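# What the coordinates show
One letter stands for each residue in the lines below.
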Amino acid sequence: MARFIKNILKFVLVLPLFYLAYLLLVACSTIFTLKIEALTFTNTKTAGSNYQRTIDLDKWIAKTSKNKGLILGSSTAYKNINPYVLSERTGVDFFNNGSSSQCIFESAYLLDYVLENTEIEYLLLETFPGAWDMVGYETATDWVVNNYKPQRAYVFNTVKHANSLNLWLFYSYFYVKRSIPYTKDYLHYSPDEDNYKGLGFAYTRDSEFERVNSTYKSYDTISPLNKRSLERIINICREKNIKLILVMAKIFNADINKTILTQYDVPLIDCNNFQIDSTYYYDSHHMYGRGTDSFSRWLGDEFNQLMLK
Amino acid sequence: MIFNSTTFLIFLPIAFFLYWVINKYGVKYQNLLLLALSYIFYGWWDWVFLSLIVVSTLVDYIAAHKIGAATDTRIKKRWLALSVVVNLGLLGVFKYFDFFADSLANLFTSIGYDAPIYSLGIILPVGISFYTFQTMSYTIDVYYGRMKPEKDLVAFGTYVAFFPQLVAGPIERATSLLPQITRARQFKYRQGVEGLRLILYGMFKKVVIADSLAKLVDPVFGNPAGHNGTTLFVSCIYFGIQIYCDFSGYSDIAIGTAKLFGIELRSNFKFPYFTTNIIDFWKRWHISLSTWFRDYVYIPLGGSRGSRLVTARNLFIVFMVSGLWHGANWTYVIWGMIHGVLYLITYFFFKPSAKHRILSKVIGFIITSLTITLAWPFFRCESIAQAAEMVKRIVLFAFTPLQYGQGLIYVGTILLMDMLIFKNEREPVPFKKSFLRKLYYSILIIAIATNWSHQSYNFIYFQF
């Protein structure tokens, strides 16, 4: 038994060295091909998760325009809200930084990052009730993988909260890889054929997802972390004089406890009031691209009305 | 608790440590601990359904004793019948009631009578098909005098609920497992190392291969109409590899974990895809179930002792029942029947050519692989119509560029790894040199860790 345990411990001590060697090998392989990285770690590029969007966010941050508006939220933000249409309707320079299943605590970290580097006038915090009590794994993965600066605080914090073994390994890999010169990233962006349209917006073609009938769901809980983060965002906006508008995503066939958002003295746009046929959606809450223009115009009008008040 | 969860990774070393520490107090205490650990393992999923295991254990314990004590054959038969009725009754209520009620209602509707559908709507208790078969085989063995009834209730309870193989097998025979449980066990270094290697290999198969392929397979089987023949065919291959890695991965982990506790379980898979005919396939695939049906259904039905027609009938019944055992859906019955027909054709008409041994093996391999692959839709699809549509689209085969080609790398990887260890399914490390072995372990561990999902995929056979 003692020999058995001793040998296991010996191997456990050697394992990190093997991992480091493996990590360096895979990282260096990206100089020649990205296929090994894709197989061993990951290089995700889905509708809302891509490297180009991280670059676009930094470009938008670097812009000196004074009338900036940031959209934060989940896939119902980056798929449903077209920032081009919204900007045209409102006259605000919007960037849509929604990401897959983005939780409110992740939105808060991202807001911190943006405010460290630029000033914004407006914050549209779109919340998808399904993400109210999630741990933010999808967004954390997106930010680790599709980010040329993985050491940013918001990336580390979300990985810390998601606290998944493979996410930590991804984080360590991409952190090390981006410290090695000449390594390459998976940068796929071709506006003509891709559904990513810039400013963080992803256009979902009908051919991408077949429509599925939604099943009834009830959303009535928010995790303590997300609740605290929502209150932190409200306080930051008050301190920095940023006009905060909460946006509740439209969901078909659902019972939503709206008091989770309405209990605060913050303007709220309830997208469930937007009248549209469910065939514009491929599930209970994700919109096909063809519906996003009219939705964004409606959202812009609601925004304008609130600003007038 | 499932093997591919962080909870199990914490549970296993604690269980291992306690188990060998308590060893010095004797096998009775060790078994008591093992029983408690097994109940914790199962109860982690649902404490309520643990009562079914307890019921099954008590009924078979008592029935076996009554059979052992009785001299009158009629009394023996009655107690055996009670055991079979209770075990099959549990299966019938929890697994098949809704299916048969639904099928009956559909039958009445088809003849113009609008019958109400009675549905219990109960969720299927995990592992019920496995432990009921295991306990049933015990009373049958006692009835036929193959073994004596076990006196120690704790040891018998441990045999029924032994956690590594409780929820998805291998289905063990009392004649093999019970003697191991009742005698004192000593930790053996070699056995421990083999156990860890099997756990590692099983985890790799499940977490890296099966779960990666599941991500490619699920969307295709969820919407076969939206995919072309090439993609559907390749997805069937992927599913074949997925279910192999999923289930044999589970079996490897189960066998490996049992080894850590000083217990040997039977092999459940022996490289089933390296086979040249369907008969051989069934000697290599889910061996513990195939042999169970052979010993407790096929042979009692008469086996191959009668005419060719009777043999064919017996074989066909076994395959139909085996299909139904997998799930309460006609798709599984059809899947079993397809395999039954293929088995019968091979059994009665296939004679390998002595002259062209290699050629006949190659042709046999291609035909067997193709037919097994084309039968998978009936196993995986939710309805017969959907499976038939899928097979039709594959057979019409409009060649179009392949989607999801990345899955081929997983198929290639597992076939290569299995080829390297082809001679012994229990020794999954093909290297003798210590450094190479450590490197191999490291690669497997890193691959498992990077694929370790925050939302684990359940093992497919848990639903059976």
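Just so you know, the residues in each chain are numbered from 1, in the order the chain's sequence is written. Whichever chain is written first becomes A and whichever ligand is written first becomes 1, with later ones labelled in order. Side-chain atom pairs in this predicted model are given and counted only at pLDDT of 80 or more, local residue features only at pLDDT of at least 70, and totals for whole chains, interfaces and linings cover all residues. The side-chain figures draw on all heavy atoms in the structure; neither hydrogens nor water molecules are used.

### Some thoughts on the overall build of chain B
Heads up, the rule is: For helices the rule is a DSSP run of H or I covering at least 4 residues; for strands it is a run of E covering at least 2, with both sets numbered from the N terminus onward. Radius of gyration here uses only the C-alpha atoms, and the compact-globule reference equals 2.2 Å multiplied by the residue count raised to the power 0.38. Each residue gets one of three labels from its accessible area relative to the maximum for its type: buried under 20%, exposed over 50%, partly exposed in between, using a 1.4 Å probe on protein chains only. By definition in these notes, contact holds between two residues if any of their heavy atoms fall within 4.5 Å. Per-residue and other accessible areas were derived by the Shrake-Rupley procedure at a 1.4 Å probe size, with only the shown protein chains allowed to occlude residues. Within this scheme the basic residues Lys and Arg register as positive and the acidic residues Asp and Glu register as negative, but His and the chain ends are omitted. Charge positions come from single atoms, namely NZ of Lys, CZ of Arg, CG of Asp or CD of Glu.
Along its length, chain B carries 18 helices and zero strands. In terms of overall size, chain B behaves like a compact globule, its C-alpha atoms giving a radius of gyration of 23 Å where 464 residues would be expected to give roughly 23 Å. With the principal axes as the frame, chain B shows a C-alpha extent of 65 × 65 × 50 Å. The buried share of chain B, reckoned over its 464 residues, is 55%. Taking as baseline every contact in chain B between residues at least 6 positions apart, the subset at least 24 positions apart corresponds to 77%. Surface summary for chain B: the accessible area is close to 20,500 Å², and the carbon and sulfur share equals 67%. Counting 42 positive and 23 negative side-chain charges, chain B places the averaged centre of each group 11 Å from the other.

### As for the overall build of chain A
Looking only at helices and strands, chain A features 12 helices and seven strands. At 21 Å, chain A has a C-alpha radius of gyration in line with the 19 Å of a compact globule built from 309 residues. In terms of its C-alpha atoms, chain A occupies a principal-axis envelope of roughly 75 × 45 × 45 Å. For chain A, buried positions account for 56% of its 309 residues. Considering only residue pairs separated by 6 or more positions, chain A has 78% of its internal contacts joining residues 24 or more positions apart.

### Examining the interface of chain B and chain A
What counts is decided by this rule: Accessible-area loss on putting two parts together, using a 1.4 Å probe and summing over both, is the definition of buried area adopted here. The salt bridge criterion pairs a side-chain nitrogen of Lys or Arg with a carboxyl oxygen of Asp or Glu, the two atoms within 4 Å. Polar contact is defined as a pair of N or O atoms within 3.5 Å, subject to the rule that within protein one atom must be able to donate a hydrogen and the other to accept it, and that residues adjacent in sequence are counted only when both atoms are side-chain atoms. Polar here means any residue other than Ala, Val, Leu, Ile, Met, Phe, Trp, Tyr, Cys and Pro, which are nonpolar, and Asp, Glu, Lys and Arg, which are charged; Gly is therefore polar.
Taken residue by residue, the interface counts 23 residues in chain B and 20 residues in chain A. The contact between chain B and chain A buries some 2,000 Å² in all, and 78% of this surface belongs to carbon and sulfur atoms. On the surface where chain B and chain A come into contact, there are zero salt bridges. Applying the counting rule to chain B against chain A returns two residue pairs in polar contact (both at pLDDT 80 or more). Looking at the side of chain B that touches chain A, the elements with two or more residues in it are α1 (6-21), α9 (189-222), α17 (407-420) and α18 (434-451) of chain B. Per-element accounting of the side of chain B that touches chain A gives the leading share, 10 residues, to α18(B). When the residues that make up the side of chain B that touches chain A are grouped by side-chain class, the tally is 16 nonpolar, six polar and one charged.

### Here we look at the nonpolar core
Soluble globular proteins: nonpolar side chains tend toward being buried together. The line we're drawing: Take the buried residues of types Ala, Val, Leu, Ile, Met, Phe, Trp, Tyr and Cys, join any two whose side-chain atoms come within 4.5 Å, and each joined set is a nonpolar core.
Formed by 146 residues in total, the largest nonpolar core has its most connected members in B:W285 and B:Y461. Formed by 65 residues, the second largest nonpolar core is a distinct cluster that contains A:C103, A:V155, A:F174 and A:A249.

### Looking at the sheet that holds strand β5 (residues 243-248) of chain A
Residue and element names in this part refer to chain A. Stated precisely, the cut-off is as follows: For two strands to be treated as a pair, DSSP must find no fewer than two bridges joining them. Lines fitted to C-alpha atoms define the axes, with helix axes restricted to the stretch in contact, and inter-axis angles between N-to-C directions lie between 0 and 180 degrees.
Taken together, the five strands give an open sheet; going across it, the order is β2-β1-β3-β5-β7, and neighbouring strands pair in parallel fashion. The sheet is open, and its two edges are formed by β2 (93-96) and β7 (268-270), each paired on a single side. Averaged over all adjacent pairs, the angle separating strand axes in this sheet is 20°, with direction ignored. Pairing geometry for strand β1 (residues 68-72) and strand β3 (residues 122-127), over four bridges, is parallel.

### Concerning the packing of aromatic side chains
All names here are of chain B. Put simply, the test is: Only the six-membered ring of Trp is used, alongside the rings of Phe and Tyr, when aromatic pairs are assigned; centres must lie within 6.5 Å, and planes under 30 degrees apart are stacked while those over 60 apart are edge-to-face, with the rest tilted. Placement of a charge over a ring requires the Lys NZ or Arg CZ to be within 6 Å of the ring centre, with the centre-to-atom vector within 35 degrees of the ring normal.
Summed over all chains, the structure comprises 79 aromatic pairs over all chains. Here the aromatic rings of F319 and Y343 are separated by 5.0 Å at their centres, their planes lie at 50°, and the arrangement is tilted. With F319 in helix α13 (residues 308-326) and Y343 in helix α14 (residues 330-349), this pair connects stretches of sequence that are 24 residues apart. Pair check on accessibility: F319 and Y343 agree, each one buried. Taking the ring centre of W325 as reference, the NZ or CZ of K95 above it sits at 5.2 Å.

### Examining helix α8 (residues 174-182) of chain B
Residues and elements named next belong to chain B. Put simply, the test is: Throughout, the arc means that of the directions going from the helix axis to the C-beta atoms.
Of all the positions in α8, only A174, L177, L178, Q180 and I181 are classed as buried. The arc that holds every buried residue of α8, seen down its axis, measures 160°, which confines them to one face. Of the surrounding secondary structure, the elements contacted by the buried residues of α8 are α2 (27-43), α5 (128-143), α6 (153-161) and α7 (163-166).

### What about a nonpolar patch on the surface?
Selection rule: By definition, no residue in a patch forms a salt bridge, and every one has over 30% relative accessible area; like charges are joined within 9 Å, nonpolar side chains (Val, Leu, Ile, Met, Phe, Trp, Tyr) within 5 Å.
On the surface, B:I10, B:I14, B:F17, B:L18 and B:V21 cluster together into a nonpolar patch covering about 470 Å² of accessible area. B:I14 gets classed as partly exposed once you look at its relative accessible area, which sits at 48%.

### Description of the pairing of β5(A)
In regular strands, side chains alternate between the two faces of the sheet. All names here are of chain A. Burial within β5 is extensive, with five of its six residues counted as buried. As paired strands, β5 and β7 are joined by three bridges and run parallel to one another. Counterpart to M248 in the pairing with β7 is D270.

### A short note on the packing of helix α4 (residues 73-110) of chain B against α13(B)
When two helices pack together, their arrangement is given by the angle between the helix axes and by the axis-to-axis distance. Residue and element names in this part refer to chain B. Basically, it comes down to this: These descriptions rest on fixed angle ranges, namely under 35 degrees for roughly parallel, over 145 for roughly antiparallel, 65 to 115 for roughly perpendicular, and the rest for oblique.
At a minimum axis distance of 10 Å, the contact between α4 and α13 shows a crossing angle of 105°. In this view, α4 runs roughly perpendicular relative to α13, as classed from their interaxial angle. For the pair α4 and α13, contact is made by K95, Y96, F99 and F100 and by L324, W325 and H326, respectively. Within the contact of α4 with α13, the residues separate by chemical class into five nonpolar, one polar and one charged.

### Topic: the side chain of A:T118
Residues and elements named next belong to chain A. Mapped onto the fold, T118 is located in the loop between α6 (104-117) and β3. Given a relative accessible area of 12%, T118 falls into the buried group. Separated by 2.9 Å, the side chains of T118 and K68 make a polar contact. Look past the residues within four positions of T118 in its chain and what remains in contact with it is I61, K63 and K68.

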